[in-house]
Amino acid sequence: GQSLEQPSEVTAVEGAIVQINCTYQTSGFYGLSWYQQHDGGAPTFLSYNALDGLEETGRFSSFLSRSDSYGYLLLQELQMKDSASYFCAVRPGAGGYQKVTFGTGTKLQVIP
Amino acid sequence: DSGVTQTPKHLITATGQRVTLRCSPRSGDLSVYWYQQSLDQGLQFLIQYYNGEERAKGNILERFSAQQFPDLHSELNLSSLELGDSALYFCASSVGHRSFYGYTFGSGTRLTVV
């Protein structure tokens, strides 16, 4: 099976940098992805890491260490609109039919 | 608009009733996934279909069932509804069999059982 751990809540100041960690235990691992969800909205895909290292997409970066079963999402130059829940998710295998398991989510509150 | 269409957006029904939630995946996507999200909870995987066939099953209750039709749209049937079934139900689709660019989620169906 798969289990993922993330902090339940994080608070950060507008304009600052925040890191949301995710550790996972899986029977198979092919990649780690991140999703953003605003209250009542649909989750939206942010990033995907299959290899160790940092992937950067604008203000958001995602990091993966396969040997440590660990990843993080880094949000820079925080904006009020970044207040949302962030989910990490593990893909266990290569096939497109492999189901992804989501973490319980981290609620990020950005304060002025 | 993500390209994944879910209907209805809201549904209010009584305990013991049966409802059907509908999902049309993004054009070209063969896989459809159903997730349940209760208040302030994570996304619980229910079931997945790939090109009309069931491919993976999660914590789906026996009262729930789903299918994917030849045109690739999917329906999730919930029967003998209980108060605890009140939740957001999301459908997601993904690109294809060998590549992965993340799921695309629909806007969800908010089910309220009273």
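Each remark here, short or long, concerns the structure printed above.
A.B. asks: Summarise the sheet that holds strand β3 (residues 18-26) of chain A; cite the residues concerned and give the values.
C.D. replies: Residues and elements named next belong to chain A. Ordered by their spatial adjacency, five strands build an open sheet running β1-β3-β8-β7-β6, and the pairing between neighbours is antiparallel. Edge positions in the sheet fall to β1 (2-5) and β6 (53-57), since each has one partner strand and no second. Each adjacent strand pair in this sheet contributes to an overall mean axis angle of 20°, direction not counted. Bridge count between β3 and strand β8 (residues 70-75): six bridges; the pairing is antiparallel. When the sheet's bridge partners are listed, Asn21 is paired in β8 with Tyr72.

A.B. asks: An account of the pairing of strand β9 (residues 87-94) of chain B is requested, with residue identities and associated values reported.
C.D. replies: Residues and elements named next belong to chain B. Counted residue by residue, β9 has eight buried out of eight residues, so it is predominantly covered. Judged by which residues are buried, β9 turns out to be covered on both faces: Ala87, Tyr89, Cys91 and Ser93 on one side and Leu88, Phe90, Ala92 and Ser94 on the other are all buried. With three bridges joining them, β9 and strand β11 (residues 109-113) adopt antiparallel strand pairing. Note that in β11 the partner of Leu88 across the bridge is Arg110. Across two bridges, the pairing between β9 and strand β10 (residues 104-105) is antiparallel. Bridging across to β10, Ala92 finds its partner in Phe105.

A.B. asks: So what's going on with the packing of aromatic side chains? Residues and values would help.
C.D. replies: One pass over the full model with this rule turns up 17 aromatic pairs over all chains. Pairing A:Tyr35 with B:Phe105 gives two aromatic rings, centres 5.8 Å apart and planes at 85°, and the pair type is edge-to-face. Residue A:Tyr35 is found in strand β4 (residues 31-37), and its partner B:Phe105 is found in strand β10; the two belong to separate chains. Look at B:Tyr35 and B:Phe45: their rings are 5.5 Å apart centre to centre, the planes differ by 65°, and that puts the pair in the edge-to-face class. You can see B:Tyr35 sitting in strand β4 (residues 31-37) and its partner B:Phe45 sitting in strand β5 (residues 44-50), a full 10 residues away along the chain. Judged by relative accessible area, B:Phe45 falls into the buried class, the value being 8%. An aromatic cluster is defined as three or more aromatic residues linked by ring pairs; in this entry it consists of A:Tyr35, A:Phe45, A:Phe102, B:Tyr33, B:Tyr35, B:Phe45, B:Phe90, B:Tyr103 and B:Phe105.

A.B. asks: Can you explain unusual backbone geometry? Please cite residues and give values.
C.D. replies: Of note, the bond from B:Thr7 into B:Pro8 is cis; its omega dihedral lies within 30 degrees of zero at -10°. The topology assignment puts B:Pro8 in the loop between β1 (5-7) and β2 (10-13). One non-glycine residue, A:Ser69, adopts positive backbone phi at about 50°. Its location among the elements puts A:Ser69 in the loop between β7 (60-65) and β8. For B:Leu72, which is not glycine, the phi torsion reads 80° and is therefore positive. Turning to its location among the elements, B:Leu72 is positioned in the loop between β7 (64-68) and β8 (74-78). Take B:Leu72: its relative accessible area is 17%, and that puts it in the buried class.

Quick notes on the rules
- Residues numbered from 1 in each chain as written.
- Chains lettered and ligands numbered in written order.
- Predicted model: local features only at pLDDT ≥ 70, side-chain atom pairs only at ≥ 80, totals over all residues.
- Heavy atoms only, no water.
- Pairing = 2+ DSSP bridges.
- Helix = DSSP H or I, 4+ residues; strand = E, 2+ residues; numbered from the N terminus.
- Axes fitted to C-alpha atoms, helices over the stretch in contact; angles between N-to-C directions.
- Buried < 20%, exposed > 50% of the residue type's maximum accessible area, 1.4 Å probe, protein only.
- Phe/Tyr/Trp six-rings, centres within 6.5 Å; stacked < 30°, edge-to-face > 60°.

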